[in-house]
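Each chain, written out:
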Amino acid sequence: MDDVKIGEILLPGDPDTQKEREETVRSKFWPKMKRVVSKVPFARDAAAAYYCAVDPSTPLRAKGILLAALGYFIMPIDVVPDMLAVIGFTDDIAVLTAALAMIRAHIKMEHYDAADIALEKMREE
């Protein structure tokens, strides 16, 4: 994936777009994560990004960028299909890594703590 494509994916969008993305991410993130948690090396970062994106104290621009990245992760149609073992998630990790780099100042340890708890529960199920 080139920087232009990732840049296009990570546009924060207007408030209506963000609201729509947030509803989609809230409804589809955890079901997708449950299906792939053992296959993705970036599960902790993705879960922390989720908690940052739904945190009311996260600024709108950062929230929009994260929602765009998480929306890409949960999309059923992907640039590189997730069924392709290791390489299937390379595009997802590229988008998430770019998003995290852009909003690094806004993701907090409490987001990672919440991610750790949620992932631990998921792995126990």
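Here, every reference points to the structure presented above.
Residues numbered from 1 in each chain as written. Predicted model: local features only at pLDDT ≥ 70, side-chain atom pairs only at ≥ 80, totals over all residues. Heavy atoms only, no water.

Another point: the layout of surface pockets. In this structure, the second largest pocket spans a volume of roughly 170 Å³. Lining of the second largest pocket is provided by eleven residues; of these, Arg21, Ala68, Gly71, Tyr72 and Met75 occupy positions nearest its centre. Of all the elements in the fold, those that place two or more residues in the lining of the second largest pocket are helix H2 (15-36) and helix H4 (60-74). Sorting elements by how many residues they give to the lining of the second largest pocket places H2 first, with five residues. Taken together, the residues that form the lining of the second largest pocket break down as six nonpolar, three polar and two charged. (1 Å grid on protein atoms, 1.4 Å probe; cavity = no way out; pocket = protein on both sides within 12 Å on 5 of 7 lines; lining within 4 Å. Points joined across faces, edges and corners; volume = space filled by probe spheres on them. Helix = DSSP H or I, 4+ residues; strand = E, 2+ residues; numbered from the N terminus. Nonpolar A, V, L, I, M, F, W, Y, C, P; charged D, E, K, R; others polar.)

A few words now on the packing of aromatic side chains. Scanning the model with the defined rule gives seven aromatic pairs in all. Summarising the aromatic geometry, the rings of phenylalanine 29 and tyrosine 50 are spaced 4.9 Å apart at their centres and angled 10° between planes, so their arrangement reads as stacked. Here phenylalanine 29 is found in helix H2, whereas its partner tyrosine 50 is found in helix H3 (residues 43-53), with 21 residues between them in sequence. Relative to tyrosine 51, the ring of tryptophan 30 has its centre 5.9 Å away and its plane inclined at 50°; by these criteria the two rings are tilted. One end of the pair, tryptophan 30, is in helix H2; the other, tyrosine 51, is in helix H3, with 21 residues separating them in the sequence. A relative accessible area of 17% places tryptophan 30 in the buried class. Note on tyrosine 51: relative accessible area 24%, which makes it partly exposed. Three or more aromatic residues joined by ring pairs form one cluster here, namely Phe29, Trp30, Phe42, Tyr50, Tyr51 and Phe73. (Phe/Tyr/Trp six-rings, centres within 6.5 Å; stacked < 30°, edge-to-face > 60°. Buried < 20%, exposed > 50% of the residue type's maximum accessible area, 1.4 Å probe, protein only.)

In terms of burial, H3 is largely enclosed, as eight of its eleven residues are buried. Turning to H3, its buried residues are Ala43, Ala46, Ala47, Ala48, Ala49, Tyr50, Cys52 and Ala53. Where H3 is buried, its residues contact H2, H4, helix H5 (90-103) and helix H6 (109-124). (Contact = heavy atoms within 4.5 Å.)

Time to look at H5. Counted at 1.5 Å a residue, the expected span for H5 with its 14 residues is 20 Å, and the 20 Å between its end C-alpha atoms agrees. Listed as buried for H5 are Asp91, Asp92, Val95, Leu96, Ala99, Leu100 and Ile103. End-on view of H5: buried residues confined to an arc of 165°, all on one side of the axis. (Expected span 1.5 Å × (residues − 1). Arc of directions from axis to C-beta.)

Membership of the largest hydrophobic core comes to 38 residues, with the highest contact counts inside it found for Phe29, Trp30, Met33, Leu66, Phe73, Leu100 and Leu119. Residue assignment for this core shows that the elements contributing at least two residues are H2, H3, H4, H5 and H6. Examining the composition of this core, we find that nine residues originate from one element, H4, more than from any other. Other than its neighbours up to four places away in sequence, leucine 66 contacts Ala49, Cys52, Ala53, Ala99, Leu100 and Ile103. (Core = buried A, V, L, I, M, F, W, Y, C linked by side-chain atoms within 4.5 Å.)

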